[in-house]
Structure formats: C-alpha cells, structure tokens
Amino acid sequence: MNLDRIIAVRNHKTVYRDGDICIKVFDSNFSKADVLNEALNQARVEETGLNIPKVREVSVIDGKWAIVTDFIKGKTLEQIMKENPDKKDEYLETFVDLQMKVQSKVCPLLTKLKDKMNRKISETNLDATTRYELHTRLDSMPKHNSLCHGDFNPSNVIITDDGTPYVLDWSHATQGNASADVARTYLLFWLNGDIAGAEKYLDLFCAKSGTDKKYVQKWMPIVAASQSVKGNEKEREFLLSWVDVVDYE
C-alpha cells in the first residue's frame, strides 16, 4: 500500500488514497477495540445494501492500526452546497431523503443507541441531579431499532460523478430512535455555524417523515449531553448549553 497521497487529516487519524482504495491510519495510541469496532460497524452496515465504501481489510502499518476500504470518487455534499449556494435547498432535500433511507434499514447486531447514550451521560461532568434527569428522560423515550449513523452531516456524504450518493464514516453507528439521530444532525449544523441550515433541515425532515418537531426537540438535551464528552472545549461548552434548554412539551 502506498501512503504518499493524503486526502484527509482528522483527530487521531490520517486518510490516504492509493488508486481505488482508501487507507485510514490511526495514531499509535488509538484504541485497538475502537478500530476493530469501526470496521465491524461498517461491515454490518454493508449488509443492509446501502451505498457505502466496502471494507477491504484491517491491518497494522508501521505499528499503527489501519482500515482499508473502497475509495469513492466524487465530491462531498458539503463541498457541492458551498459551490452552488443557490441550489442549497435542493441539496438539503437530497440529504434528508438519504438520511430517511438510512433510517429505513435495520442492523440488529449494532450497539443500541440508548445503551451508548446512557454510558456517555454517565461520563459527563454534569452534576448528579442533571445526570439523573437525563437518564430518566432517555429511558422514557420510545424504543426503536432504526439504523442511526451518529454523525450524519453533508461532509460525510459523497456524490459520485453519476450522481450516486454514498455515506461515509460509520464509526458511530447504532440502532435506535431515528429522531435522536436527527437531533444530532441538527446540532451538527449549529456547530458548523449554519443555524439557518439547521432550522431548514429540521423543518424539512419533520415534513417529509411526518415527525412532530417537538418530539425531535425533546431529544436535543439528551443528545447534546451524550456528545459533550468528546470534542474540544468550545464544542463541549456549546453542547452543554443545550442541556438546560427549555422543555418543549
């Protein structure tokens, strides 16, 4: 494998392209269990028939764990939106349709979303009363088993030259309530500074899926708290500000 061509640098990982393969190399101190879990998640999602890069192999390169997948040639939806701002609404429709397609699938061997969120809430620095309130609220939410991406945003969607959309990065995939995943995407738009886009996205998703907006909003403090244990200080501060938002009931 040739590691001459870097196509992306992320926290604790570097992504290379070698012909028709993509090599994601993790830092030497990155958890082996997390790498293997990411590859397993992706392999399980492959079985749903969605357009995603297929896992070719998991290996160790110079003492670092690596996941080798198909390279998908195209542009991210984020890039296309920036290049064609006048068509953003049209691309947002494509984005929502794709998310609904993902959520129409079931992947019964994935981690349960509620289990993961309960664990993450326990890891926060929030006071015991707030954690108890969040755990209680989470436990009261309806149990579903939709495929949830966990980081569904326009930078994780590649549109190929023939217009086929592919969804990347399945490291956070779980099975659970689709509205929790929608709340996560809404917060990602906010984190990206696109507040108007966040509102348009939420209105569009709720209209297309027949979901009550208040129902998605009830998930936001729970999702924000569970996401606050990772990321930088600024992101953490922003997410924790959503934990105290008004109850939308």
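Going by the structure above, here's the rest.
**Focus on the pairing of strand E2 (residues 13-18)**
The buried fraction of E2 is high, at five of six residues. Sheet topology note: the strand E1 (residues 6-10)/E2 ladder contains four bridges and is antiparallel. Bridge pairing in E2 links isoleucine 6 to tyrosine 16. Pairing geometry for E2 and strand E3 (residues 21-26), over six bridges, is antiparallel. Within E3, the position partnered with aspartate 18 by the bridge is isoleucine 21. Once E2 ends, the chain turns through two residues before running back antiparallel as E3, passing glycine 19 with a positive phi of about 65°.

**Overview of the packing of aromatic side chains**
Overall, the coordinates contain 10 aromatic pairs when judged by the stated rule. Pairing tryptophan 190 with tryptophan 242 gives two aromatic rings, centres 5.3 Å apart and planes at 85°, and the pair type is edge-to-face. Of this pair, tryptophan 190 sits in helix H6 (residues 178-191) while tryptophan 242 sits in helix H9 (residues 233-243), placing them 52 residues apart in sequence. Taken together, the ring pairs in this structure connect Phe95, Phe152, Phe189, Tyr201 and Phe205 into an aromatic cluster.

**Considering the sheet that holds strand E4 (residues 55-61)**
The antiparallel open sheet is built from five strands, whose spatial order is E1-E2-E3-E5-E4. Of all strands in the sheet, those bounded by a partner on one side alone are E1 and E4. Mean inter-strand twist for the sheet, computed between neighbouring axes without regard to direction, equals 20°. As defined by bridge partners, E4 adjoins strand E5 (residues 64-70) across six bridges and the pair is classed as antiparallel. The residue of E5 that forms the bridge with valine 58 is isoleucine 67. On the sheet, helix H1 (residues 32-46) packs against E3, E4 and E5 and is oriented at approximately 15° with respect to E5.

**Points about the environment of aspartate 212**
You can see aspartate 212 is positioned in the loop between helix H7 (195-209) and helix H8 (213-227). According to the relative accessible area criterion, aspartate 212 is partly exposed, its value standing at 49%. As for aspartate 212 and serine 179, which are separated by 33 residues in sequence, their C-alpha atoms are 9.6 Å apart.

**Digging into the pattern of salt bridges**
The final tally for this structure, using the stated rule, is 11 salt bridges. Arginine 236 is the partner of glutamate 233 in a salt bridge, and the nearest nitrogen-oxygen pair spans 2.8 Å. In this pair, glutamate 233 and arginine 236 are both assigned in helix H9, three residues apart and thus about one turn of the helix distant. One network of salt bridges, in which partners are shared, links Asp20, Arg56 and Asp70.

What counts, and at which threshold
- Residues numbered from 1 in each chain as written.
- Predicted model: local features only at pLDDT ≥ 70, side-chain atom pairs only at ≥ 80, totals over all residues.
- Heavy atoms only, no water.
- Buried < 20%, exposed > 50% of the residue type's maximum accessible area, 1.4 Å probe, protein only.
- Helix = DSSP H or I, 4+ residues; strand = E, 2+ residues; numbered from the N terminus.
- Pairing = 2+ DSSP bridges.
- Phe/Tyr/Trp six-rings, centres within 6.5 Å; stacked < 30°, edge-to-face > 60°.
- Axes fitted to C-alpha atoms, helices over the stretch in contact; angles between N-to-C directions.
- Contact = heavy atoms within 4.5 Å.
- Salt bridge = Lys/Arg side-chain N within 4 Å of Asp/Glu carboxyl O.

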